[in-house]
Amino acid sequence: MATGRTHRPATRSRGIPEATVARLPLYLRALTALSERSVPTVSSEELAAAAGVNSAKLRKDFSYLGSYGTRGVGYDVEYLVYQISRELGLTQDWPVVIVGIGNLGAALANYGGFASRGFRVAALIDADPAMAGKPVAGIPVQHTDELEKIISDNGVSIGVIATPAGAAQQVCDRLVAAGVTSILNFAPTVLTVPDGVDVRKVDLSIELQILAFHEQRKAGEEHEGTAAPAPAAHQESTDQGPDGDVPAVMPA
């Protein structure tokens, strides 16, 4: 059993490091923005700055894709969009189910970026019978009793868990048993999955705690920088007492 890890044998067999895979969506986002502005080519320096990485790392990442750009011209934006989309598997339609339609699940259902990035929300699933049939983002919510049938009927391989922590592992087990092999977990808990199942965890509270740590550190550094300088030390006398120590009270 593996806990919350990522296993990508197909990607590794092609020799693309996981760190590079993790940066490909950043490049794709920056390239898509350039494409929408009808920018035909982009230099490695410009694209690296837009993606938040250094240009040497970007060129190394693109070498794994077999894309090296043209000296003095840069990279063809449209071709890179296609190339990275194909590498990430976004040139096909990926049906996704979201389980847990509370505030977070409903927000995810209403997110308009799924469709433009190759993902289709095939179903919304919730354990509350009162939610059944209610439309969220134009999609009627279905009860968890139908989970296995929904996955089978829609050929779903990607599941999103937005349930409370206590229900997440049970939902995960049912998704995996029904054939789901990739899970995006928003529940504040670590999921245990069998080999061959990918889990990506998104924990907003942890990200905020990390930001709080950095804010606290910055505040401490600012405090140290504005602290009053220590008063100059008085020059010590070389006179010593009978035991060789400087007397506590100097003689008049």
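Each remark here, short or long, concerns the structure printed above.
Quick summary incoming for the structure in this document. (Residues numbered from 1 in each chain as written. Predicted model: local features only at pLDDT ≥ 70, side-chain atom pairs only at ≥ 80, totals over all residues. Heavy atoms only, no water.)

## A word on the pattern of salt bridges
For side chains of opposite charge, pairing can occur when their charged atoms come near one another. Counted by the stated rule, this structure contains seven salt bridges. Between arginine 23 and aspartate 61 there is a salt bridge whose closest N-O contact spans 2.7 Å. Of this pair, arginine 23 sits in helix α2 (residues 18-36) while aspartate 61 sits in helix α4 (residues 55-65); the two residues are 38 residues apart in sequence, bridging distant segments of the chain. Look at aspartate 61 and you get buried, because its relative accessible area is 1%. (Salt bridge = Lys/Arg side-chain N within 4 Å of Asp/Glu carboxyl O. Helix = DSSP H or I, 4+ residues; strand = E, 2+ residues; numbered from the N terminus. Buried < 20%, exposed > 50% of the residue type's maximum accessible area, 1.4 Å probe, protein only.)

## Observations concerning the pairing of strand β9 (residues 182-185)
Burial along β9 is one-sided: Ile183 and Asn185 are buried, while Ser182 and Leu184, pointing the other way, are not. In this sheet, β9 lies alongside strand β8 (residues 158-161) in parallel orientation, the contact comprising four bridges. Within β9, the position partnered with isoleucine 158 by the bridge is serine 182. For the handedness criterion, the β-α-β arrangement of β8, helix α9 (residues 165-177) and β9 is classed as right-handed. Note: β9 against strand β11 (residues 198-201), four bridges, orientation parallel. Within β11, the position partnered with asparagine 185 by the bridge is lysine 201. (Pairing = 2+ DSSP bridges. Right-handed = clockwise from strand over helix to strand, strands pointing away.)

## Overview of the sheet that holds strand β4 (residues 94-99)
Across the sheet, which stays open at both edges, the seven strands sit in the order β6-β7-β5-β4-β8-β9-β11 with mixed pairing between neighbours. Among the strands making up the open sheet, the edge pair consists of β6 (135-136) and β11. In this structure, β4 lies alongside β8, joined through four bridges in parallel fashion. What sits directly across from valine 99, in β8, is isoleucine 161. Most of the contacts of helix α8 (residues 147-154) go to strand β5 (residues 119-126), to which it runs at about 165 degrees, and overall it touches β4, β5 and β7 (139-143). (Contact = heavy atoms within 4.5 Å. Axes fitted to C-alpha atoms, helices over the stretch in contact; angles between N-to-C directions.)

## Observations concerning the packing of α2 against helix α3 (residues 44-51)
Contact geometry of α2 with α3 gives a least axis separation of 9 Å together with a crossing angle of 110 degrees. Taken together, α2 and α3 sit at an angle that is classed as roughly perpendicular. α3 is crossed by α2, and the crossing has right-handed handedness. Facing Leu26, Tyr27, Ala30, Leu31 and Leu34 of α2, the residues of α3 in contact are Leu47, Ala50 and Ala51. (Parallel < 35°, antiparallel > 145°, perpendicular 65-115°, else oblique. Left-handed = near helix turned anticlockwise from the far one by under 90°.)

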